[in-house]
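Observations on chain architecture
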Amino acid sequence: MLMTATPERLSKDLIKDFKRNREGRLSSRQWLELISEPLTSLLLLSVPLALLLARYGMGGRLLVVALILGFLLTVAMRAVRFSRVKLCYRVLYPEEIHPRWRFWKKLALASRSGESVRFDKRIASKVKLQPDQGLCVYYFDFGQRRVLISMIPEAHPKADLAEPSESFVHRGGRIFAD
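Residues numbered from 1 in each chain as written. Predicted model: local features only at pLDDT ≥ 70, side-chain atom pairs only at ≥ 80, totals over all residues. Heavy atoms only, no water.

**Side note on helix α1 (residues 12-21)**
Looking at α1, one finds that the buried residues are Leu 14, Ile 15, Asp 17, Phe 18 and Asn 21. One side of α1 carries all its buried residues, which in axial view fall inside an arc of 155°. Exposed side of α1, more than 90 degrees from the buried face: Lys 12 and Lys 16 are the residues found there. Of the surrounding elements, those touching the buried residues of α1 are α2 (28-35), β5 (135-142), β6 (145-153) and α5 (167-170). (Buried < 20%, exposed > 50% of the residue type's maximum accessible area, 1.4 Å probe, protein only. Helix = DSSP H or I, 4+ residues; strand = E, 2+ residues; numbered from the N terminus. Arc of directions from axis to C-beta. Contact = heavy atoms within 4.5 Å.)

See below:
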């Protein structure tokens, strides 16, 4: 008797992500994750500074207010930048399969023609990679960085959710056929 692995169930959030991505847009969850990325480190570094500045009277409090306005400006600028992002769709294959404990390694995928595609950041959920496994991937280029936003194995029963819609290209999306 041949045993086959049952495909992973897709969460409701992941289904919503694919429905938005196939239209050429980020889902609200993806967008919020991208714009709030620097806030954790900024807040961690600035809380001691804010506590020190607040002790120095009105001038220190004004500097704390300026620091908070700087955070808000950072979030607003990232929100505008990520609202205009152009998505790319591509079917890629694992170039290297790293063990889970090597989490610091960048994800490297390759096209069928052999072009290497490395992702500097990923907000996509983890997928167990297999050799020669096709992955339907949505990503975008952000300056000199590539950000992976969603992926699903081509062989998954619900992989048709990841196929770009007719409006994908009209919204500025780019489909790679390689």
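The discussion continues.
**Details of α2**
All of the buried residues along α2 are Gln 30, Leu 34 and Ile 35. Down the axis of α2, the smallest arc covering the buried residues is 125°, so these residues share one side. Against the buried residues of α2 lie α1, α3 (37-54), α4 (57-83), β5 and β6.

**Some points on the nonpolar core**
With 25 residues, the main nonpolar core has Leu 26, Phe 140 and Ile 149 as its most contacted residues. For this core, the secondary structure elements donating two or more residues are α1, α2, α4, β1 (88-94), β5 and β6. Cys 88, Leu 92, Leu 107 and Leu 129 belong to the second largest nonpolar core, which has 15 residues in total. (Core = buried A, V, L, I, M, F, W, Y, C linked by side-chain atoms within 4.5 Å.)

**A word on the side chain of Lys 121**
Note that Lys 121 resides in strand β4 (residues 121-122). Those residues in contact with Lys 121 that lie beyond four places of it in its chain are Glu 37, Arg 145, Arg 146, Val 147 and Leu 148.

**Let's talk about empty space enclosed by the protein**
For the structure on display, the rule yields 1 cavity of 30 Å³ or more. For the largest cavity, the calculated volume is near 30 Å³. Elements represented by at least two residues in the lining of the largest cavity include exactly α4 and β6. (1 Å grid on protein atoms, 1.4 Å probe; cavity = no way out; pocket = protein on both sides within 12 Å on 5 of 7 lines; lining within 4 Å. Points joined across faces, edges and corners; volume = space filled by probe spheres on them.)

**Some thoughts on the pattern of salt bridges**
Tallying each qualifying case throughout the model produces 7 salt bridges. As a salt-bridge pair, Arg 29 and Glu 33 come within 3.6 Å of each other at their nearest N and O atoms. Placement of both Arg 29 and Glu 33 in helix α2 is noted, with a separation of 4 residues, approximately one turn of the helix. A salt bridge links Arg 118 to Glu 95; the nearest nitrogen and oxygen atoms lie 3.6 Å apart. (Salt bridge = Lys/Arg side-chain N within 4 Å of Asp/Glu carboxyl O.)

**Points about the confidence of the model for the protein**
Mean pLDDT over the protein: 84, with 92% of residues reaching 70 or higher. In the predicted structure, residues 1-6 sits below a pLDDT of 50 and forms 0 contacts with residues beyond four places in sequence or in another chain. (pLDDT = per-residue confidence, 0-100.)

**Looking at the environment of Arg 20**
Tracing the sequence through the fold places Arg 20 in helix α1. Along the backbone, Arg 20 and Ala 162 are 142 residues apart, and their C-alpha atoms lie at a distance of 9.6 Å. Not counting chain neighbours up to four residues away, the residues in contact with Arg 20 comprise Arg 25, Leu 26 and Ser 27.

**A word on the packing of aromatic side chains**
Going through the model one piece at a time under the given rule, you end up with 7 aromatic pairs. Judged by centre distance (5.4 Å) and plane angle (75°), the ring pair of Phe 119 and Tyr 139 falls under edge-to-face. Separated by 20 residues along the polypeptide, Phe 119 in strand β3 (residues 116-119) and Tyr 139 in strand β5 bring together distant segments of the chain. Considered together, Phe 119 and Tyr 139 belong to a single accessibility category, that of buried residues. Considering the side-chain rings of Tyr 138 and Phe 168, the 5.8 Å spacing of their centres and the 65° angle between planes classify their relative orientation as edge-to-face. One end of the pair, Tyr 138, is in strand β5; the other, Phe 168, is in helix α5, with 30 residues separating them in the sequence. Taken individually, Tyr 138 and Phe 168 each receive the classification buried, so the pair is uniform in this respect. (Phe/Tyr/Trp six-rings, centres within 6.5 Å; stacked < 30°, edge-to-face > 60°.)

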